[in-house]
Amino acid sequence: GEQWEAVRATQIGRVAAFTQKEIEYTYRNVIQTAFKTLGSIGASLRLVTAEHYTRAHMLWWSRAFEVPSSFVTDVAPDTEQDVHVEALVPVLDLFNHTNSPSVRWSFPAA
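Just so you know, these numbers come straight off a predicted model, no measurement behind them.

> Please set out helix H4 (residues 50–63) residue by residue, giving values where relevant.
Owing to its 3.6 residues per turn, the α-helix brings residues three or four apart onto one side. Here H4 contains 14 residues, and its C-alpha end-to-end distance of 20 Å stays within 8% of the 20 Å for a straight helix at 1.5 Å per residue. Within H4, the full set of buried residues consists of Tyr-53, Thr-54 and His-57. An end-on view of H4 places all buried positions within 100° of arc, on one side of the element. What points out from H4, more than 90 degrees from its buried face, is the exposed set Glu-51 and Arg-55. Contact partners of the buried residues in H4: helix H2 (11–37).

Shown next, in the form of structure tokens:
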């Protein structure tokens, strides 16, 4: 619609278009392959439509935090590596919400 046209040529629009293509690719090539290879579990996954997958993807990535995590690798068991994992952290997510908006988006007229 009109709102998409306002951002299509911006960096946000390019990132959004790339993300949508990435989601579509993942759904076609990963999720649908899982339908075929997981037997009875895959049968229940057939209820997941592309729209469901897109919504779940956006919900996850709009709320995920990068959390530091140390773990011992299989390659070098005596070595700890600092890594970051994406995780949903419910208590932190609560701080992301307020009764009044604190962010405003504006785009210059094209």
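> How would you sum up the environment of Phe-65? Please name residues and give values.
Looking at the secondary structure, you find Phe-65 in strand S1 (residues 65–72). Separated by 22 residues in the primary sequence, Phe-65 and Ala-87 place their C-alpha atoms 5.5 Å from one another.

Parameters and conventions
Residues numbered from 1 in each chain as written. Predicted model: local features only at pLDDT ≥ 70, side-chain atom pairs only at ≥ 80, totals over all residues. Heavy atoms only, no water. Helix = DSSP H or I, 4+ residues; strand = E, 2+ residues; numbered from the N terminus. Expected span 1.5 Å × (residues − 1). Buried < 20%, exposed > 50% of the residue type's maximum accessible area, 1.4 Å probe, protein only. Arc of directions from axis to C-beta. Contact = heavy atoms within 4.5 Å.

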